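# Secondary and tertiary structure notes
Chain by chain, the residues run as shown.
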Amino acid sequence: MSNEENVNKTEENVNQAEENVNKPESSAKNIVGNLISSMSSLKEKNPKVFFGAIGGVVVLLVIVMMSGGGSSKSVSGPAIKNLVIGQKYVLKSPNTYDKAATIRLVAVPGTIAAYDDTEEDDRNAACKHMPQGTPVTVTDLQDFSGKKNAFAKVQMLEGECQGRDGWVLSINVQ
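Keep in mind it's a predicted model, so treat the numbers as computed, not measured.

What counts and how
- Per chain, the residues get numbers from 1 upward, laid out in the order the sequence is written.
- The predicted nature of this model means local features are confined to residues of pLDDT at least 70 and side-chain atom pairs, given and counted, to a pLDDT of 80 or more, with totals for whole chains, interfaces and linings taken over all residues.
- In computing side-chain values, all of the structure's heavy atoms are included and hydrogens and water are not.
- Pairing between strands requires that DSSP locate at least two bridges from one strand to the other.
- In this description a helix means any DSSP run of H or I spanning at least four residues, a strand means any run of E spanning at least two, and both kinds are numbered starting from the N terminus.
- For helices, the axis comes from a line fit to the C-alpha atoms of the stretch in contact; other axes are also lines fit to C-alpha atoms, and the angle between any two N-to-C directions lies between 0 and 180 degrees.
- Just to be clear on terms, a salt bridge is a Lys or Arg side-chain nitrogen sitting within 4 Å of an Asp or Glu carboxyl oxygen.
- Type-normalised accessible area, obtained with a 1.4 Å probe on protein chains alone, sets the label of each residue: buried when under 20%, exposed when over 50%, and partly exposed for intermediate values.
- We call a pair of cysteine sulfur atoms a disulfide when they lie within 2.5 Å.
- Take the buried residues of types Ala, Val, Leu, Ile, Met, Phe, Trp, Tyr and Cys, join any two whose side-chain atoms come within 4.5 Å, and each joined set is a nonpolar core.
- Throughout, a residue-residue contact means that at least one pair of heavy atoms, one from each residue, lies within 4.5 Å.
- The pLDDT score gives, residue by residue, the confidence of the prediction method on a 0 to 100 scale.
- Patch membership needs two things, relative accessible area over 30% and no salt bridge, and members are linked within 9 Å if like-charged or within 5 Å if nonpolar (Val, Leu, Ile, Met, Phe, Trp, Tyr).
- Each accessible area is a Shrake-Rupley estimate made with a 1.4 Å probe; only the visible protein chains count as cover when residues are assessed.

## A few points about the sheet that holds strand E6 (residues 165-169)
Here we have 4 strands laid out as an open sheet, ordered E1-E4-E5-E6, and antiparallel in their pairing. Across the chains shown, the open sheet's two edge strands, defined by having one partner strand only, are strand E1 (88-90) and E6. Looking at each pair of strands side by side, their axes are set apart by 50° on average, direction ignored. Two strands pair when backbone bridges link them, and E1 and strand E4 (residues 135-144) are joined in this way by 3 bridges, in the antiparallel orientation. When the sheet's bridge partners are listed, Tyr89 is paired in E4 with Val136.

## As for the pattern of salt bridges
For the coordinates displayed, the defined rule picks out 1 salt bridge. Between Lys153 and Asp165 there is a salt bridge; the shortest N-O distance is 3.5 Å. Taken together, the positions of Lys153 in strand E5 (residues 147-156) and Asp165 in strand E6 put the pair 12 residues apart, joining distant regions of the chain. Under the relative-accessibility criterion, Lys153 is labelled partly exposed at 24%. A residue is classified by how much of its surface remains accessible, and Asp165, at 45% relative accessible area, is partly exposed.

## Considering the state of the cysteines
What the rule picks out here adds up to 1 disulfide. Disulfide pairing is shown between Cys127 and Cys161; the S-S distance is 1.8 Å. Measuring handedness by torsion sign, the sulfur bridge of Cys127 and Cys161 sits at about -100° and is left-handed. Of this pair, Cys127 sits in the loop between helix H3 (120-124) and strand E3 (129-131) while Cys161 sits in the loop between E5 and E6, placing them 34 residues apart in sequence. In terms of burial, Cys127 and Cys161 fall into one category: buried.

## Considerations on the nonpolar core
Counting residues in hydrophobic clusters, the biggest one holds 16 residues, and the most contacted among them are Leu91, Val138, Ala152, Val154, Met156, Val168 and Val173. Those residues in contact with Ala152 that sit more than four places away from it in its chain are Leu83, Val138, Asp140, Leu141, Gly166, Trp167, Val168, Ser170 and Val173.

## Section: the confidence of the model for the protein chain
Low-pLDDT portions of the prediction should not be read for the details of their coordinates. Residues with a pLDDT of 70 or more make up 71% of the protein chain, whose mean pLDDT is 79. Element-level mean pLDDT values for the protein chain span from 58 in H3 up to 94 in E1.

## Description of a nonpolar patch on the surface
Taken together, the side chains of Phe51, Ile54, Val57, Val58, Leu61, Val62, Met65 and Met66 define a hydrophobic patch exposed on the protein surface, amounting to about 830 Å² of accessible area. As for its placement among the helices and strands, Met66 is situated in helix H2 (residues 47-66).

## Side note on the environment of Pro131
The topology assignment puts Pro131 in strand E3. Note on Pro131: relative accessible area 44%, which makes it partly exposed. The sequence separation of Pro131 and Leu91 amounts to 40 residues, and the corresponding C-alpha distance is 7.6 Å. Discounting residues that sit within four places of it in the chain, Pro131 has contacts with Leu91 and Ala101.

Structure (structure tokens):
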């Protein structure tokens, strides 16, 4: 084979590749064009069928959009136990899997400072951040914002904070 024949074959292969690249684009255009022309011819020949098909598609879309979530299950989070004053419990946060996470105790239930530890003594003060699993006794309950028993006053039963008390979210008492 001569060099001229190789060059000619290479040029033919390049031309065929270019045609193949343009085929999907042109075939997609042909399909869309054929679909539009058949729809317009159907509209001209038989408008009842044309508009009936459009109405049917709209009805199906409405049915699909309106029929979501057929189950009667509802999403629920952790529930507050029915705490009893004088009963023994432990501090445990249902919102964390970290065993080293602490539970914050505050002096007044519902205070905004309950979650603001920007002050130095709030971060380092004794008996303000209790480890999970600390045994406690509930001594009082407080309603908040329409929720019954949202806060619980607890007294520590063990450790260096034994006998000290503070307010905690009731969901953290289990």
